[in-house]
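Coordinate analysis (summary)
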Amino acid sequence: MYVEAGLAIMSLIGGFMQAQNAKAGAGAKADEYERLRDETRLTHKFNEQERNKATYQMQLLALRGGVDKAGMAGLAGKKQVESLVAETASSGVSLGSGTAREVVANQHLQNANQQLAIMDQTKGKIDHIVDNAMAVNKMETFKANMQMAKYQRAASMARRTGETMFNAHMFGAFTSAAGTYQNAGGEWPSDPTIDGWFS
């Protein structure tokens, strides 16, 4: 009886080891999915920071371009005003007179309007850069969240599968141990309450 029981216990231990290995394998797979989820999160955060840096640089370039263009328009306008003053002076008309002063004042207004228009265009470019960056960040965040959720679902499923495999292997181990006991010549009592089995 002891030999048969020993063989059955060895069979049971072998089955338990198989069950543990199956569960550990599924756990390792789940760990890998969780690592991929975490890497996706880190990659998304890094990429978003890099896009934001690039967006800031694009904003600065657009602002610099707008300021330079408005400055050039201001210089060109100043030259036009100086040219008008020189023309007026050479024609003998006094700058204090109504029409000559109105012409110069009108030129100043046109120059200011041109510079304001340039700055409005620059603001529009900067707004477009920011809006585009926000849209890309929003889309990439959505994609990253979907990927992370997919990895989390896969990890959860792998863990559940590991538990199921463990239980199935253990059931098989008990069945196999019982078969090993019986095949080795062990006998089961017809009444389990006899011989102290459950008493």
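Quick caveat: nothing in here was measured; it's all calculated off a predicted structure.

Procedures and definitions
Residues numbered from 1 in each chain as written. Predicted model: local features only at pLDDT ≥ 70, side-chain atom pairs only at ≥ 80, totals over all residues. Heavy atoms only, no water. Helix = DSSP H or I, 4+ residues; strand = E, 2+ residues; numbered from the N terminus. Buried < 20%, exposed > 50% of the residue type's maximum accessible area, 1.4 Å probe, protein only. Contact = heavy atoms within 4.5 Å. Areas by Shrake-Rupley, 256 points an atom, 1.4 Å probe, with all protein chains shown as cover. Patch = residues over 30% accessible without salt bridge, like charges linked within 9 Å, V, L, I, M, F, W, Y side chains within 5 Å. Salt bridge = Lys/Arg side-chain N within 4 Å of Asp/Glu carboxyl O. Phe/Tyr/Trp six-rings, centres within 6.5 Å; stacked < 30°, edge-to-face > 60°. Lys NZ or Arg CZ within 6 Å of the ring centre and 35° of its normal. Polar contact = N/O pair within 3.5 Å; in protein donor to acceptor, adjacent residues only side chain to side chain.

**A few points about the overall build of the protein chain**
- The number of helices and strands found in the protein chain is 2 helices and 0 strands.
- Within the protein chain, the proportion of its 199 residues that are buried is 22%.
- For the protein chain, the share of sequence-separated contacts (at least 6 apart) that also reach a separation of at least 24 residues comes to 82%.
- In the structure as shown, the protein chain presents an accessible area of about 13900 Å², 62% of it carried by carbon and sulfur atoms.

**Quick look at a nonpolar patch on the surface**
- A surface patch of nonpolar side chains, about 370 Å² in accessible area, is lined by Ile9, Ile13, Phe16 and Met17.
- Of the residues examined, Phe16 reaches a relative accessible area of 34% and is grouped as partly exposed.

**Describing the packing of aromatic side chains**
- Applying the stated criterion across every chain, the model contains 1 aromatic pair.
- Judged by centre distance (6.2 Å) and plane angle (80°), the rings of Phe16 and Phe166 are edge-to-face. One end of the pair, Phe16, is in helix α1 (residues 2–90); the other, Phe166, is in helix α2 (residues 98–183), and 150 residues separate them in sequence.
- Between Lys23 and the ring centre of Phe166, over which it is positioned, the NZ or CZ distance is 5.2 Å.

**Observations concerning the side chain of Gln107**
- For Gln107, the location among the structural elements is in helix α2.
- There is a polar contact of 2.7 Å between the side chain of Gln107 and the side chain of Gln80.

**Some details on the pattern of salt bridges**
- Counting across every chain of the model gives 10 salt bridges.
- Glu32 is the partner of Arg35 in a salt bridge, and the nearest nitrogen-oxygen pair spans 2.2 Å. You can see Arg35 and its partner Glu32 sitting in helix α1, 3 residues apart, about one turn around the helix.
- The class for Glu32 is partly exposed, based on a relative accessible area of 33%.
- With its nearest N and O atoms 3.3 Å apart, the salt bridge here joins Glu50 to Lys53.

**Focus on the side chain of Thr55**
- The topology assignment puts Thr55 in helix α1.
- Setting aside anything within four residues of it in sequence, one finds Thr55 in contact with Ile129 and Ala133.

**Quick word on the environment of Met165**
- Here Met165 is to be found in helix α2.
- Residues Met165 and Lys23 lie 142 residues apart in sequence; the distance between their C-alpha atoms is 6.5 Å.

**Some words on the environment of Gln182**
- Examined against the element boundaries, Gln182 turns out to sit in helix α2.
- With 174 residues separating them in the primary sequence, Gln182 and Ala8 have C-alpha atoms 8.6 Å apart.

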